[in-house]
Structures are given as structure tokens and as C-alpha cells.
Amino acid sequence: MSKPDHPQSEQPGTKSNQKLWGGRFAESTDQLVEAFTESVSFDRRLWRQDIAGSQAHARMLARVGVLTDAEAQAIVGGLDAIHAEIAAGSFQWQQALEDVHMNIESALTARIGDAGKKLHTGRSRNDQVATDLRLYTRDAIDELAGLIESLAAGLLDLAEREADSVMPGFTHLQIAQPVSFGHHMLAWREMILRDRGRLLDARKRANLLPLGSAALAGTVYPIDRHYVAGQLGFDGPTENSLDSVSDRDFAIEFCAAASLLMVHLSRWSEELILWSSPMFGFVKLPDRFCTGSSIMPQKKNPDVPELVRGKTGRVIGDLQALLVLMKGQPLAYNRDNQEDKQPLFDAHDTVAACLRVFGAMLPNLTVERETCRAAASKGFSTATDLADYLVKKGLPFRDAHHAVGAAVGYAVTKACDLADLSLDELRKFSALVEQDVYERLTLDGSLRARNHYGATSPEQVRAAIARAKKQAERL
Ligand code: ARG
């Protein structure tokens with residue numbers, strides 16, 4: 001046998017390498033490598049989850065007779081003390097100890113002695129980190145779901161306040177038909193409630209316990225994974241040890257739902273930016289949610305929605321990072337997965353911040369009702385109503401469409417609205433037009449006429465609000 005390739009002074013397992021895994025190593029880790037491979041600078045954020053997982057694991061080991069009760073008690077108590085230390089900000093994190101898991105385990109052994117060294121019996125960092133991350137994702141989902149509910153409640157109040165306010169509804173950003181401002185707010189609410197549903201659906205798949213999968217194949221100890229699952233509030237243990245230590249699809253699902261949520265918030269942002277511009281003037285954002293320009297004294301900028309729109313790119317980037325991180329990995333655990341944390345944390349932080357700031361801003365939006373109404377009366381927004389009027393009088397819809405198109409063309413040449421044309425003028429386009437046409441050409445008449453489930457008449461908007469209130473109680 002050839003001599004191991006290391007200097008005499010650096011025997012394996014000696015002082016030269018004091019890592020928890022240092023036994024087989026003949027020399028200390030290169031400083032560059034230590035700095036390159038460490039994750040404690042960012043995964044320390046998992047400390048609560050890590051401690052909870054370790055405590056459940058230790059209790060289970062005592063239950064199945066692998067640890068004594070006294071050992072398990074020492075571990076649980078020691079971890080409680082470390083919990084308090086970290087919470088107080090006095091815990092010394094060490095890069096040399098690589099990650100959150102080994103920092104806490106080392107501190108435990110320093111505190112309680114040999115029992116601490118037994119904590120890692122029957123587990124690996126591979127199932128440990130997967131467990132921490134699933135617990136984290138579950139907590140993040142619960143937080144975001146709560147924030148979505150508050151934002152949805154704010155939109156509901158706004159919708160109620162503005163159920164009778166008329167604004168132009170747009171297609172192609174061209175004035176299309178009058179709608180209720182409240183109806184528009186309820187549209188936004190629907191979007192984010194679906195996002196909430198997607199997050200909660202992802203939660204079901206995230207909420208399973210990987211611990212017990214050990215490095216990849218399970219462990220020789222008679223562990224009770226169902227017990228640990230129960231302790232940590234998981235719905236049960238995962239089915240397959242190889243899959244459990246490897247896949248991060250639960251984090252990807254989280255980021256996918258978060259991305260879609262951000263796409264929705266970004267679309268609202270775009271509307272708020274347009275609407276608060278003097279060119280539209282539909283809404284005023286409160287001064288305390290805007291910022292000024294350092295050169296142009298008149299400016300009041302909608303930075304909050306602009307940043308929400310901008311941050312959407314970040315969250316989609318986080319999703320992209322996780323997808324690409326996963327795509328080349330053979331089973332089972334690979335160190336690549338250490339890169340899963342920052343995108344997940346970033347998506348969580350960014351979405352939470354956006355939901356919070358929108359939740360505070362939207363209920364304080366001032367709706368400029370007169371400006372909205374004036375805008376809706378421009379752009380022939382009741383042209384479809386005139387066509388529908390002619391249909392009711394017996395004209396086939398296509399012919400009615402054509403006749404009204406011609407009337408609009410005429411009004412354009414006169415630079416007036418359809419409602420400003422005289423009865424004689426209107427009758428040039430269809431002899432079916434009578435005096436009663438004018439009530440159909442008003443904004444309120446147009447709005448009132450769309451009076452069925454899901455449509456924009458104020459009566460229907462109020463019915464939708466009543467349903468939404470009932471639904472909110474069940475969320
Ligand atoms: N810091 C690692 C991670 O985040 C923990 C698992 C490391 N496992 C290993 N065998 N090196 O993925």
C-alpha cells in the first residue's frame with residue numbers, strides 16, 4: 001500500500017482538522033475552500049427550524065431506546081439554551097463550522113458534553129437540511145397567506161366604497177366600456193386569492209417529513225418517523241429516502257406561486273402608475289407612499305408600485321435559479337442544493353415586503369371619481385350599449401354593430417359623444433332609434449344594464465361583495 005499523501009505532522013483525525021467530519025482528512029481545509037463552501041452566513045436563518053427538528057429527533061431516539069431519557073433531556077434542554085442565546089443575538093456563529101447544523105451541534109456538545117455527540121445518531125445533514133427547509137417553506141406560506149388575506153380585505157373595503165363609481169374599462173388600453181371602480185378592485189382580489197390557493201396547495205406537498213432518510217438510504221436504527229412527523233406538525237413522513245434528500249420541488253413550487261403572485265402585483269402596479277399620472281388622474285396615492293425628485297420640484301413619484309413591478313423580476317429570477325439548480329442533478333443529495341436557500345429566502349422576503357406595503361397603501365388610495373367618470377364618457381364607451389339597444393329592437397347584432405360603427409365615425413367628425421347626437425342624427429344610422437335611446441347611452445344606464453352574476457352593475461358588485469365577505473370568514 002502506498003503511503004497516504006500527506007505530511008507526517010498532519011495525521012488524519014488529529015488537531016490538524018477539527019471539523020466535525022475531519023476524521024479522514026490529513027490537512028486543514030484551504031481558507032479559500034472554507035469561505036467558498038460555507039453556508040452559515042445565510043443558512044443560520046434556519047436556526048429555529050434546525051433546533052425544533054433536532055429536539056424532535058432526540059425525543060424520538062429516546063422513545064425507541066437509542067438514547068437514554070437523560071441524554072434526550074440534556075439535548076433538548078441544551079438546545080433550548082442555544083435557542084435563547086441565538087434569539088438574544090449572543091451566539092457565536094463560526095464560518096469554520098460550515099453551516100447552521102454544525103454550528104448548533106458543536107455548541108450543544110460544548111454545552112452538555114458527550115450526549116451532544118449522540119444527537120446526530122441515525123440522521124445526516126442531508127435529511128436535516130431538507131427538513132429545515134420544508135419547515136421554513138411551510139412557515140413562509142402561512143405568513144404570505146395571512147398577508148394576502150389582509151390585502152384582500154383592504155380591497156374589499158375599497159370595492160364597497162367605490163361600487164357606484166364609474167371608470168372606463170379598457171381593452172388594448174383603449175376605452176372599452178364603463179365599469180364600476182369597485183368591480184375593478186374585486187378583479188384584483190380574485191387574482192391574489194388564487195395565488196393564496198396555489199401557495200396553500202404547495203403547502204400540502206411541502207408538509208411531509210424527510211428526516212429519517214439519513215444520507216440517502218435510511219438508517220440502521222429502529223427510528224419512528226411517524227412520531228417525529230407528528231412532533232413537527234408534518235402530515236406524515238415522506239415515502240422515499242432518495243427522493244427526500246434530493247428534490248427541492250417544494251421550494252420551486254413556492255417560488256412559482258410567489259412569481260405568479262408578483263406578476264399579479266406587478267400588473268396592479270402598472271395600473272396604479274398609469275392611474276396616478278396626471279395624464280389619467282384616476283387615483284391619488286397618499287403623499288407618505290410617494291417620493292419626490294431631487295431636481296424637479298413638482299414631482300410626486302409612485303415609487304412603491306414601481307419597485308413592486310421591479311422586484312417582480314427578482315422573484316421570477318429566484319424561481320429560475322431553483323429550476324436550473326435542480327435540472328442537472330442525479331439522485332440523491334448533491335452539494336449544489338446548498339444554493340437553494342438564498343433564492344427561497346429572497347422570494348419570501350420580497351413577496352412579504354410587497355404584500356405589506358400594498359396592504360398599507362391600497363386602503364388609503366383616493367379615487368378621483370369625477371375624473372374617472374369624465375374619462376369613461378370619452379371614447380364612445382357606450383357604443384356597445386347602442387348596438388345592444390338596436391338588437392333589442394329587432395336588428396341582427398352584426399347589422400347593429402355596423403350601424404353604430406358608422407354613427408361613431410360621424411361623431412368623431414363632429415368631435416362629440418354618441419349621447420350628444422340628436423335623435424334625427426342618430427336615426428340616420430337606424431330608423432329603429434327612439435327617444436328612449438338616451439338612457440342607454442348614459443354611463444350609469446350602461447353600467448346598470450350589465451346586471452348578472454359576475455358583471456359590473458353596482459347591484460351585482462354589491463352582491464359580489466356580500467359573497468366575498470362570507471367567503472372571507474371561511475378563509
Ligand atoms: N449546508 C448543506 C446544504 O445546505 C447541508 C448539507 C450538507 N451535506 C453534505 N453532505 N455536505 O445543503
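Given the structure is predicted, the values throughout are model-derived calculations rather than measurements.

Moving on: the layout of surface pockets. Rolled over the atoms, a probe sized like a water molecule indicates the empty space that remains. Approximately 290 Å³ is the volume attributed to the largest pocket. Surrounding the largest pocket, 13 residues form its lining, Ser 276, Ser 277, Pro 278, Lys 300 and Asn 301 being those nearest its centre. Tallied by class, residues from the lining of the largest pocket come to six nonpolar, four polar and three charged. Put simply, the second largest pocket is a space of about 240 Å³. Residue lining of the second largest pocket: 13 residues in total, with Glu 105, Ser 106, Ala 107, Thr 109 and Ala 110 positioned closest to the centre. For the lining of the second largest pocket, the leading source of residues is helix α5 (residues 100-112), giving six residues. Split into classes, the residues belonging to the lining of the second largest pocket amount to five nonpolar, six polar and two charged.

Okay, the nonpolar core next. Leu 265, Trp 268 and Phe 358 are the most contacted members of the largest nonpolar core, which totals 97 residues. If you tally residues by element for this core, the top one is helix α7 (residues 125-161), at 14 residues. Setting aside its immediate chain neighbours within four residues, Trp 268 contacts Leu 151, Leu 155, Trp 188, Met 191, Ile 192, Phe 358 and Leu 362. Among the nonpolar cores identified, the runner-up in size contains 20 residues, and Leu 386, Ala 407, Cys 416 and Leu 418 belong to it.

Around the ligand, the neighbouring residues are Ser 39, Asp 43, Asp 99, His 101, Arg 125, Asn 126, Val 129, Tyr 333, Arg 335, Gln 338 and Lys 341. A distance of 3.3 Å is found between a nitrogen atom of the ligand and a side-chain nitrogen or oxygen belonging to Ser 39. Within the side chain of Gln 338, an N or O atom sits 2.8 Å from a nitrogen atom of the ligand. Taken by itself the ligand offers 340 Å² of open surface, and the protein chains cover 86% of this. Top element by residues in the shell around the ligand is α7. It accounts for three residues. For the shell around the ligand, a count of residues per class yields two nonpolar, four polar and five charged.

Looking now at the pattern of salt bridges. Side-chain pairs of opposite charge can arise where the charged atoms are in close proximity. The final tally for this structure, using the stated rule, is 29 salt bridges. Among the ionic pairs, Asp 201 bridges to Lys 204, the shortest N-O distance being 3.1 Å. With Asp 201 and Lys 204 both in helix α8 (residues 181-206), this residue pair falls three residues apart, about one helical turn. Assessed through its relative accessible area of 31%, Asp 201 is described here as partly exposed. Given a relative accessible area of 54%, Lys 204 falls into the exposed group.

This next bit is on empty space enclosed by the protein. Summed over the entire model, instances satisfying the criterion amount to two cavities of 30 Å³ or more. The volume enclosed by the largest cavity comes to roughly 40 Å³. Every residue along the wall of the largest cavity is listed here: Leu 386, Leu 390, Ala 403, Val 404, Ala 407, Leu 426, Phe 429, Ser 430 and Val 433. Of all the elements in the fold, those that place two or more residues in the lining of the largest cavity are α15 (383-392) and α16 (397-414). Of all the elements, α16 adds the most residues to the lining of the largest cavity, at three residues. Its residues placed into classes, the lining of the largest cavity shows eight nonpolar, one polar and no charged. In this structure, the second largest cavity spans a volume of roughly 30 Å³. Elements with a minimum of two residues in the lining of the second largest cavity: α3 (47-63) and α9 (225-231).

Conventions adopted
Residues numbered from 1 in each chain as written. Predicted model: local features only at pLDDT ≥ 70, side-chain atom pairs only at ≥ 80, totals over all residues. Heavy atoms only, no water. 1 Å grid on protein atoms, 1.4 Å probe; cavity = no way out; pocket = protein on both sides within 12 Å on 5 of 7 lines; lining within 4 Å. Points joined across faces, edges and corners; volume = space filled by probe spheres on them. Nonpolar A, V, L, I, M, F, W, Y, C, P; charged D, E, K, R; others polar. Helix = DSSP H or I, 4+ residues; strand = E, 2+ residues; numbered from the N terminus. Core = buried A, V, L, I, M, F, W, Y, C linked by side-chain atoms within 4.5 Å. Buried < 20%, exposed > 50% of the residue type's maximum accessible area, 1.4 Å probe, protein only. Contact = heavy atoms within 4.5 Å. Near = heavy atom within 4 Å. Polar contact = N/O pair within 3.5 Å; in protein donor to acceptor, adjacent residues only side chain to side chain. Areas by Shrake-Rupley, 256 points an atom, 1.4 Å probe, with all protein chains shown as cover. Salt bridge = Lys/Arg side-chain N within 4 Å of Asp/Glu carboxyl O.

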